[in-house]
Amino acid sequence: MSQTAIFSVGIGVFALTVWGSVMAGGIWLGRIAEPDDARSPQRPATGERDPDDISGAPDLN
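Residues numbered from 1 in each chain as written. Predicted model: local features only at pLDDT ≥ 70, side-chain atom pairs only at ≥ 80, totals over all residues. Heavy atoms only, no water.

Topic: the overall build of the chain
In terms of regular secondary structure, the chain is built from one helix and zero strands. Residues classed as buried in the chain amount to 2% of the 61 residues present. Put simply, the chain shows about 5800 Å² of open surface, and 64% of that area lies on carbon and sulfur atoms. (Helix = DSSP H or I, 4+ residues; strand = E, 2+ residues; numbered from the N terminus. Buried < 20%, exposed > 50% of the residue type's maximum accessible area, 1.4 Å probe, protein only. Areas by Shrake-Rupley, 256 points an atom, 1.4 Å probe, with all protein chains shown as cover.)

Below you can see the structure in the form of C-alpha cells.
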C-alpha cells in the first residue's frame, strides 16, 4: 500500500473521529440543556397560567 493511500485512510479516520466527537458532544450538551429550555416537551407551556405570575420564572440575579 502506498504512503498516499495510507495517509488518505488516516485523514478519513481522523475526520470521522472528530465528527463523531462533535456530534456526541452536541447530543450530550443538548440533553443537559433540555430541562432548562422553555420550549422543552418536558416543561409544556400552559395557557392557564397567569402571565403576571413569576413563580416559575428563572432567577436572573
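Some points on a nonpolar patch on the surface
A cluster of nonpolar side chains, namely Phe14, Val18 and Val22, defines an oily patch on the protein surface of about 300 Å² accessible area. Mapped onto the fold, Val18 is located in helix 1 (residues 3-33). Overall, the relative accessible area of 38% leaves Val18 in the partly exposed class. (Patch = residues over 30% accessible without salt bridge, like charges linked within 9 Å, V, L, I, M, F, W, Y side chains within 5 Å. Salt bridge = Lys/Arg side-chain N within 4 Å of Asp/Glu carboxyl O.)

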